[in-house]
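A look at the structure
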Amino acid sequence: MRLFMPTIDALVKIPPNCTHVNAFLALALSDSLLPSFQCPQQSKLKLPLSRVNDGICDCCDGVDEPEGTCPDICEEVLKEEREARAKVESGFKVGYNKRKHDLFNFKKKRQEKQEEIAILEEELASLPTDDLQKSLDRQKEKYAGDRQLLAFKVAKDLADLVDGLKEEELKNLIVHSCQLAGELSERSTTTCVPLRLAGLDMDMAWSEDNYVDSDEMVVKTGDSSTVDLLFDNALNENSMKWTLKGSRRRLEEYYEDTDDYDYHGDYTDDEFVEPYRAIEEDSEDDSKPPPKYRNRGSIIGKEKELMDSLKGMVFSKSRVAFIDQSKELAKKIDMLLPDDDDVYEKIEEEAKDEAEAPIDPVAYNMVKSTLGKTEDSIWKGFNWGTSAMLFFAVSPATLSVEELRGLAIGTLLHGNLGSVHVWQILQSILPELVETSFSPDTCASPWAALCPPKSITRIKGKTYPPSYLMTAAESFCMSQTEMAMTDETCRATKEGDDMTIPTSVQDGHFGYFAPAPRSMTDPLMPFFAPLLSLVADQEEVKSLKQSISDIEKKKKKIEWQITDAWKDIGGKEGDQLGPSGELYSMANECFSVVAGKYTYEVCLFNDAKQKDDSSSTKLGKWKGMDIEGDDGQRVMKWEGGQKCWNGPQRSATVYVTCGPETKLISADEPDTCCYVFEMDSHIACDEIYKAKLGISDV
Ligand code: MAN
């Protein structure tokens, strides 16, 4: 390894972490300022005064010592110097021409590439994405506009269904419509989807987050995101979206067996939903620790309060009764179906005594499962109803009666509800009708008290509900009175120990009738039909989207090509390949040198490494090349390498000097983990170097 003595200029550039080298620099600087003695025949040999008259012959002609002390060996010494200079000069000439050639090539390449780039840019500008996007946006807006117009028309045509209702009654109609829709729906969400879809049809959307922070839900209207949501839903019915940000579900989940609260804010509405029911049931069970909720207690508190009030409403009466009694029944069945043969024998004996048939576990399990499914759907109804209540409780009071009417009708439409549902809800929310409502404790049909349907006057001169609803209710009443309650159903409605276990479950058990979806012949159908049958032009949208995505891909490809092309020629400014592009010929090349047990490898525009037989240590990432100082010293740098034990991150610095070939000629580590290299390269054979050598002609 050649001894490396950095020049003062080079040392100034060494990173501040390399303290040893800096100490050396201070020494070198102080030396250079001392008075010196110039050997007359050797222009580069300047001696500190301490070396004059010290008995050692330094100058070739011996003039640094008293006359007669030293022989004149200038002939020989200057010959070596001349030869060395001749070598340097010839090396310079080769390097200079090589550099010139490289720069010429680079200039040519830059011109060519710039022409290529201009063509690519033209091609890019000619791609019609904007037009296609605009026409897709037009489609979206048209579809959303059509929906909103039709929703308005439906609400207008059905005005007599809701215009007799007061604000609170409208809200209750929506809450119970959500409840029924929840019982009907296959969706596993906890938010009232039909209400949200009704909102979208009226250009209204609300997100879950807002009220979490502020206790107030912000309803957005006129937001382009409602248009997007509507349009997406039109194209993709199975994965509908209805919330502005698609971030949180409505009800909180809780973690039963972990203390970790690791909510990352990335759930969507329907993920990991724990129905509210679980909260209810667990809180009744003292043996389990109380459930742990995410830290948004106020909402949980509010929801619990709202759900309790929903459960206390007349419409929920038969539902609460069903849940209570079905739980009782399930307990009884569980007692009869233990995993224990002895008990079976006992039961069989008892059955013999009473001359009854032994129990049938399959049938009882079926009963349990049917009851469970019904309970699930009732709970979903409670969740959806609560969701609507929460919406009213925390949304700002800007919902007008007009908007509530629209939302009520839209909820019926999207909830797949029909005239009889509306009639049933009205029985439970209108004070004129409510006293005679459901009575699940008797054996009479719960509808008996309501049939035949009664009408009232809400708006002067107009009977309410409107006639088509009355007709539907009348025919419902007829069918109900024909369908007498079975003995079993009747007996099942009685609470307590004498509750008989049925062998099958029919609708109407414990007074609860599961809602059926709106039929095609429902009187509301003709009103809803135009909105229900409005579809987006799938084919056209599909082909538009396809073209946009094809063009986007093409655009990206061209953009990459342009970026790559600029990179090839040193960026737009042309300054990333060294001054005048001198690194162009060797961009991405690597050079290595062996020093001690290590092989050092530096790669331009890439990493510098220190390798031995078993390992490779990164010395740094390419930082660039600067020309430092007046003598045009080229310095390449790699920084941010592997951290040195108890020291800085490794770094590498290459000092480039003119030479015919590009090669690393030395490596040193003057300070721990600061690596310094010398490189010969034609890139440094420039005009400054030429002037420094004093060469006039090449
Ligand atoms: C390794 C090598 C050396 C360096 C030490 C520092 O042995 O990278 O060059 O000086 O680590 O601990």
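Preceding block: the structure.
Here is a short report on the structure shown in this document. As a convention, each chain's residues are numbered from 1 in the sequence order in which they are written. Restriction of local features to residues with pLDDT of at least 70 applies here, the model being predicted, together with a cutoff of 80 or more for giving and counting side-chain atom pairs; totals for whole chains, interfaces and linings are based on all residues. Excluding hydrogens and water, the side-chain figures rest on all heavy atoms present in the structure.

1. A word on the overall build of the protein chain
- When its secondary structure is counted, the protein chain shows 22 helices and 16 strands.
- A buried classification covers 46% of the 698 residues belonging to the protein chain.
- If you take every contact in the protein chain between residues at least 6 apart in sequence, the share linking residues at least 24 apart comes to 64%.
- For accessible areas, the Shrake-Rupley method is used with a probe of radius 1.4 Å. Any residue's cover is judged against the shown protein chains and nothing else. A total of about 36600 Å² of accessible surface is found on the protein chain, and carbon and sulfur atoms cover 52% of it. Each helix corresponds to a stretch of at least 4 residues labelled H or I by DSSP, and each strand to a stretch of at least 2 residues labelled E; elements are numbered beginning at the N terminus. Type-normalised accessible area, obtained with a 1.4 Å probe on protein chains alone, sets the label of each residue: buried when under 20%, exposed when over 50%, and partly exposed for intermediate values. Only heavy atoms enter the contact rule, under which two residues are in contact if any of them lie within 4.5 Å.

2. Points about the pairing of strand β16 (residues 674-681)
- Of all eight residues making up β16, eight are buried, and the element is well covered by its neighbours.
- Residues C674, V676, E678 and D680 point to one face of β16 and Y675, F677, M679 and S681 to the other, with burial holding for every one of them.
- Strands are treated as partners if at least two bridges between them are detected by DSSP. Bridging between strand β14 (residues 651-658) and β16 involves eight bridges; their strand directions are parallel. The partner of V654 across the bridge, within β16, is F677.

3. Considering the packing of aromatic side chains
- Classification of ring pairs rests on two measures: the distance between centres of Phe, Tyr or Trp rings, Trp counted by its six-membered ring, which must be within 6.5 Å, and the angle between planes, read as stacked under 30 degrees, edge-to-face over 60 and tilted in between. One pass over the structure, following the stated rule, counts 14 aromatic pairs.
- Here the aromatic rings of F106 and Y584 are separated by 5.4 Å at their centres, their planes lie at 55°, and the arrangement is tilted. Of this pair, F106 sits in helix α3 (residues 74-126) while Y584 sits in the loop between α21 (538-568) and β9 (590-595); the two residues are 478 residues apart in sequence, bridging distant segments of the chain.
- You can call F106 buried: its relative accessible area is 5%.
- Relative to W622, the ring of F605 has its centre 4.9 Å away and its plane inclined at 40°; by these criteria the two rings are tilted. Of the two residues, F605 sits in the loop between β10 (598-603) and β11 (607-611) while W622 sits in strand β12 (residues 616-628), which places them 17 residues apart along the sequence.
- The exposure class assigned to W622 is buried, which follows from its relative accessible area of 15%.
- Taken together through their ring pairs, the aromatic side chains of Y598, Y600, Y675 and F677 make up a single cluster.

4. Quick word on unusual backbone geometry
- Cis geometry is found at the peptide bond from C451 to P452, where omega equals -10°.
- The topology assignment puts P452 in the loop between α17 (431-434) and β7 (456-459).
- Backbone torsion omega between Y464 and P465 reads -5°, so that peptide bond is classified as cis.
- Inspection of the secondary structure assignment puts P465 in the loop between β8 (462-464) and α18 (467-482).
- In this structure, F605 takes a positive phi of about 65° despite not being glycine.

5. Looking at the site of the ligand
- What makes a residue near a molecule or strand is one non-hydrogen atom of that residue sitting within 4 Å of it. Residues in close proximity to the ligand include Y598, Q610, C644, R650, E669, T672, C673 and Y675, which together make up its full environment.
- Polar contact is defined as a pair of N or O atoms within 3.5 Å, subject to the rule that within protein one atom must be able to donate a hydrogen and the other to accept it, and that residues adjacent in sequence are counted only when both atoms are side-chain atoms. Q610 has a polar side-chain atom sitting 2.6 Å from an oxygen atom of the ligand.
- Contact between the ligand and E669: an oxygen atom at 2.5 Å from a side-chain N or O atom of the residue.
- The protein chains hide 65% of the 310 Å² of surface that the ligand would expose on its own.
- In terms of residue class, the shell around the ligand is built from four nonpolar, two polar and two charged. In the scheme used here, Gly and all other residues not listed as nonpolar or charged are polar, with Ala, Val, Leu, Ile, Met, Phe, Trp, Tyr, Cys and Pro taken as nonpolar and Asp, Glu, Lys and Arg as charged.

6. So, the environment of L531
- The topology assignment puts L531 in helix α20 (residues 525-532).
- Sequence separation between L531 and R147 is 384 residues, and the spatial gap between their C-alpha atoms is 6.6 Å.
- Look past the residues within four positions of L531 in its chain and what remains in contact with it is R147, L150, A151, V154, D201 and L413.

7. Notes on a negative patch on the surface
- Here a patch means residues that are over 30% exposed by relative accessible area and free of salt bridges, tied together within 9 Å if like-charged and within 5 Å if nonpolar (Val, Leu, Ile, Met, Phe, Trp, Tyr). The rule for a salt bridge is simple: a side-chain nitrogen of Lys or Arg has to be within 4 Å of a carboxyl oxygen of Asp or Glu. Residues scored as positive are Lys and Arg, those scored as negative are Asp and Glu, and His as well as the terminal groups of each chain are ignored. Every charge is mapped to an atom, namely NZ of Lys, CZ of Arg, CG of Asp or CD of Glu. Among the surface-exposed residues, D72, E75, E76, E80 and E81 lie close enough to one another that they form a single negatively charged patch.
- Summarising the element assignment, E80 is placed in helix α3.
- Residue E80 is classed as exposed on the basis of its relative accessible area of 55%.

8. Notes on the sheet that holds β16
- Overall, mixed pairing links the eight strands, which are arranged β9-β10-β11-β12-β13-β14-β16-β15 in an open sheet. Pairing within the sheet leaves two strands with one partner each, and these edge strands are β9 and β15 (663-671). For this sheet, the mean inter-axis angle between neighbouring strands, taken without regard to orientation, is 25°.
- As defined by bridge partners, β11 adjoins β12 across five bridges and the pair is classed as antiparallel. Along β12, the bridge assignment pairs Q610 with T617. Interaxial angles span 0 to 180 degrees and are taken between N-to-C directions of axes, which are lines fitted to C-alpha atoms, for helices over the stretch in contact.

9. Quick notes on the state of the cysteines
- Sulfur atoms of two cysteines make up a disulfide when they are within 2.5 Å. Under the criterion given, the structure shown has eight disulfides.
- The partner cysteine of C39 in its disulfide is C59, sulfur to sulfur 2.0 Å. Judged by the torsion about the S-S bond (-75°), the C39/C59 disulfide is left-handed. Of the two residues, C39 sits in the loop between β1 (36-38) and β2 (46-48) while C59 sits in the loop between β2 and α3, which places them 20 residues apart along the sequence. Accessibility assignment for this pair places C39 and C59 in one class, buried.
- Here C658 engages in a disulfide with C685; their sulfurs sit 2.1 Å apart. Taking the torsion about the S-S bond as the criterion, the C658 to C685 disulfide, at about 95°, is right-handed. Within this pair, whereas C658 is found in strand β14, its partner C685 is found in the loop between β16 and α22 (687-693), the two being separated by 27 residues in sequence. By the burial criterion, C658 is buried, and C685 matches it.

10. Comments concerning the nonpolar core
- Membership of the largest hydrophobic core comes to 140 residues, with the highest contact counts inside it found for I174, L195, L583, M636, W638, V654 and F677.
- In terms of residue count, helix α14 (residues 361-394) provides more of this core than any other element does, 13 residues in total. As used here, the term nonpolar core means buried Ala, Val, Leu, Ile, Met, Phe, Trp, Tyr and Cys residues forming a set that is joined through side-chain atoms within 4.5 Å.

11. Some points on the pattern of salt bridges
- Taken as a whole, this structure holds 24 salt bridges when the rule is applied.
- A salt bridge links R85 to E89; its shortest N-O distance comes to 2.8 Å. In this pair, R85 and E89 both sit in helix α3, four residues apart, roughly one turn of the helix.
- The class of R85 is partly exposed, set by a relative accessible area of 35%.
- In this structure, a network of salt bridges that share partners links the residues R99, E582, R634 and D686.

12. Things to note about the environment of L693
- Here L693 lies in helix α22.
- Residues contacting L693, with those up to four places away along its chain left out, are R85, V88 and F92.

13. Things to note about helix α6 (residues 167-184)
- In a helix, the anticipated span is given by 1.5 Å times the number of residues less one. With 18 residues, α6 extends 26 Å from end C-alpha to end C-alpha; this agrees with the ideal 26 Å at 1.5 Å per step.
- For α6, the tally of buried residues reaches 15 of 18 residues, placing the bulk of the element in the interior.

14. A closer look at the pairing of β15
- Here β15 runs beside β16; their pairing, made up of six bridges, is antiparallel. If you follow L664 over to β16, its bridge partner there is M679.
- The hairpin formed by β15 and β16 contains two residues between the paired strands, and C673 there has a positive phi angle of roughly 70°.

15. Details of the side chain of K140
- Locating K140 in the fold gives a position in helix α4 (residues 129-157).
- In terms of polar contacts, K140 uses its side chain to reach the side chain of D228, at 2.9 Å.
- Here K140 is in contact with V227, D228 and F231, once residues within four sequence places are set aside.

Read these as layout, nothing more, since geometry by itself doesn't imply function.
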